[in-house]
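Residues per chain, in single letters:
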Amino acid sequence: MAHTIPQDILNALTDVDMPRLAAEPEIPAAVMVQGQRVPVCACGTVVMGSGAAGLRAAVELKRRGVDVAIISQSAWGGTSACSGSDKQTLHTANTSDRGDNFREMARAIRAGGAMDEDTAYVEAVGSVRAMASLQYLGLPLPQDDFGGTLRYQTDHDDVGRATSCGPRTSRLMVKVLATEAVRLGVPFYNQTTAVQIVVNGRNVAGILAIRPKSQTPDNPYGLTLFRCAALVIAAGGPGELYRDSVFPNGCFGSLGLALEAGVALVNLTESQFGIGTRREDFPWNLSGTYVQAIPYVHSVDGQGQEHNFLADTYRTTQELASNLFRKGYQWPFHATRMLDFGSSLIDLAIIRENRAGRRVVMDFNRNPQPVPGDLPFSLDRLDADVAAYLAQAGAVQERPIDRLRHMNPLSIELYLRYKVDIRRDPLEFAVNNQHMNGGIAVDSWGRSNLPGLYAVGEAAGTHGVTRPGGAALNAGQVLGTRVAEHIAASGRAQTAPDGGVEVPLEQALERIDRVLRPGSPLDMRAIKDEVQARMSDHAGILCTPDAVLQALQAATGLNQAIRESGISFKRGAEVARVLQWQQMALASQAVLAALEFYIRQGGGSRGARAICDPAGEGVPMARSGPLQDVRFRLERERDKDEQILVRLVGDTMQVSTRRNRRLDDSARPFFERDWPAWLTGAVFDLNRGQDA
Ligand SMILES: Cc1cc2nc3c(=O)[nH]c(=O)nc-3n(C[C@H](O)[C@H](O)[C@H](O)COP(=O)(O)OP(=O)(O)OC[C@H]3O[C@@H](n4cnc5c(N)ncnc54)[C@H](O)[C@@H]3O)c2cc1C
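Residues numbered from 1 in each chain as written. Predicted model: local features only at pLDDT ≥ 70, side-chain atom pairs only at ≥ 80, totals over all residues.

1. Quick look at the overall build of the protein chain
If you tally the helices and strands in the protein chain, you get 20 helices and 26 strands. Relative to the globule expectation of 26 Å for 692 residues, the C-alpha radius of gyration of the protein chain, 25 Å, shows essentially globular dimensions. Across its three principal directions, the C-alpha atoms of the protein chain cover 80 × 60 × 50 Å. (Helix = DSSP H or I, 4+ residues; strand = E, 2+ residues; numbered from the N terminus. Rg over C-alpha atoms; globule rule 2.2 N^0.38 Å.)

2. Re the domain arrangement of the protein chain
If you check the domain split of the protein chain, you get domain 1 (275-433) and domain 2 (517-656). Averaged C-alpha coordinates put domain 1 and domain 2 at centres separated by 30 Å. Opposite the 17 residues of domain 1 that make contact, domain 2 presents 14 residues. Breaking the side of domain 1 that touches domain 2 down by element, the ones donating at least two residues are α9 (310-313) and α11 (345-355). The greatest single-element share of the side of domain 1 that touches domain 2, amounting to four residues, is contributed by α11. (Domains from an automatic or database assignment. Contact = placed C-beta atoms within 7 Å.)

3. Quick word on the pairing of strand β4 (residues 68-71)
Side chains V68 and I70 of β4 all project onto a buried face; the interleaved residues A69 and I71 project onto the opposite face, where all are buried too. For strand β3 (residues 45-48) and β4, the ladder comprises four bridges, and the chain directions are parallel. Its bridge partner lying in β4, T45 is registered against V68. Between the parallel pair β3 and β4, the chain is carried across by helix α2 (residues 52-63), and the sense of this crossover is right-handed. Direction of pairing for β4 relative to strand β7 (residues 188-189): parallel, over a ladder of two bridges. Looking across to β7, one finds that I71 is bridged to Y189. (Buried ≥ 20, exposed ≤ 12 C-beta atoms within 10 Å, placed from the backbone. Pairing = 2+ DSSP bridges. Right-handed = clockwise from strand over helix to strand, strands pointing away.)

4. Remarks on unusual backbone geometry
Generally, phi is negative for residues other than glycine and the peptide bonds are trans, each holding for most cases. Phi is positive for Q191, close to 50°, though the residue is something other than glycine. Within the secondary structure layout, Q191 lies in the loop between β7 and β8 (193-200). The backbone of F341 shows a phi angle near 55°, a positive value even though the residue is not glycine. One can find F341 in the loop between α10 (317-326) and α11.

5. A word on the packing of helix α1 (residues 7-14) against helix α14 (residues 409-417)
With their axes 10 Å apart at the nearest point, α1 and α14 run at an angle of 65° to one another. Comparing their axes, α14 and α1 come out roughly perpendicular. In the crossing of α1 with α14, the sense of the turn from one axis to the other is right-handed. Counting all contacts with α1, which are made through L10, L13 and T14, the residues of α14 involved are P409, L410, E413, L414 and R417. Its residues assigned to classes, the contact of α1 with α14 comprises five nonpolar, one polar and two charged. (Axes fitted to C-alpha atoms, helices over the stretch in contact; angles between N-to-C directions. Parallel < 35°, antiparallel > 145°, perpendicular 65-115°, else oblique. Left-handed = near helix turned anticlockwise from the far one by under 90°. Nonpolar A, V, L, I, M, F, W, Y, C, P; charged D, E, K, R; others polar.)

Next comes the structure, spelled out in structure tokens:
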């Protein structure tokens, strides 16, 4: 039965307001370092970032009696609060008739390789608790008549473990978690941008941040030290790394910050790219029902001439339309899906159109135009899987906009909020960078190689080569909880640490001074343009060994130039951004170093990137014939078993590999045998060395 959803329901799920933050606590203490008066706030644990992952960690820490504070560049910034898609997805164990099998789910999560088996299992088991606790806090996940969660199939998900509150699932997660953090009285320092991890000996001693509120004549940049025994990095992904990006503006993540503190990063070669509207307008993913409605995708040239370019790719109108539909749940680009007339040929064709200077749009008022010489589009001429889905969804209306409205009215509402009326106008879009699968290397408790430093959410490099849609949000919730359990059990970070921090703070200020040089010929805008162009042009979905090597050399040269000349700035208000761009330049070198290493070792196409090589075995075919210029190397099975680590040693990126951590699939827990480890806290493995 078709329902019309009342406007107030659509509004509530689209315009998600956030709770009011409590007044910020005063920071009464300060130290004098190098003539600057730096305020010092001491607490047991600092959580850096207030996205879904950071808020989860903070709430769970507070519940366990830990003295915790949140610092955030922007309370409701970042991807959780600002990003989404048609049905933004949370991936959790399925409530099918017989219940899910966590081992099966773990296998699915790590199926793309380069992922630790323990982490995958932890995410699978933890997903039930993550979801139930979000529901307890008020997350409105949809249910059937009997309380079962409504599910669907998404990318890299053969079972249908996805669920969603609509386009704004992660913002709603931020809302319920932030409301809880406010209720629990977690101190929240907003407009506070962390710029350097302060290390004392071999331990985390705090995090140095820049706060406009703390600016005084004897503290012109507004530096503030947050002293802590444990630091949880939850700063999200490095969205600013690419020019073509669907991240919200101002997402820098923490890769450069971590590298400078000697922290190991992992799987930086692995990212996600896919179709969406760019951040210059309104950044949003065009997955799920946007393409399952099967709109007319075409390009427009400088003279306003339309080009039915997908008809050059696919052999029949049915093949074209069916692949467009499949893009809904095969959303990220994947090299092997360029073979056998698969759905990633769409991403390739879009990139080619953009490079030819044409704008690519989807028009929801028109069905796909036919492939020359073939029959017109018809809902009666679709591949069986596509026809069955649309029939079951009741999406059999004549026009794409009506099919979309029927399947997901929220997806139309969403764009209307940003003054884009897809009921009327074609929607311009492109292939963008969307997610960093790699990040800070952590063990299954979220610990990095630096004692006291933890990472959660997109900051943590816990995903392998592929990840099922929705696994990112789940991973942040699960690891956010694990980190809190571990910190609380350690007892070391319950209260603010004692001891002087003058020496490490002095070193931190010296490093900042080396970067900030008013007379430098380098400025952050030039660095931004250079880094983003290099990454989008040479480290996007199509890579060649030569271009990646040259890009790495150029990135290394840029960082050398920054070391020699620093970066100029005009106002104190710019300083945080200048430091973030310096760290982003470092992060780009790290990504390219990992990628160049992988390609040089003979690594093939996997996940987001096709490694194009004239000697490659994979040749995508189009209606017009073989696409020799994107002939690519196939993936090698053995690369799935290991992960690439990058560390900054001196001025050099040191690249190495390690095997995936294994989990004995045949081992079964046994209550009486395993209970003591839980009772004594041995389960937290506190005496084991850091092994990330
Ligand atoms: C368009 C789009 C659609 C997506 N759809 C899905 C989906 O359907 N399912 C899914 O699982 N994942 C999806 N993702 C990925 C997912 O949204 C993110 O991985 C996840 O929200 C990251 O959460 P986080 O808490 O780690 O980081 P974020 O939500 O990005 O939060 C980072 C926080 O850190 C703060 N911060 C950053 N730098 C600093 C600093 N230097 N100092 C202090 N604070 C700092 C920011 O202000 C922010 O509060 C999508 C991503 C995008 C871009």
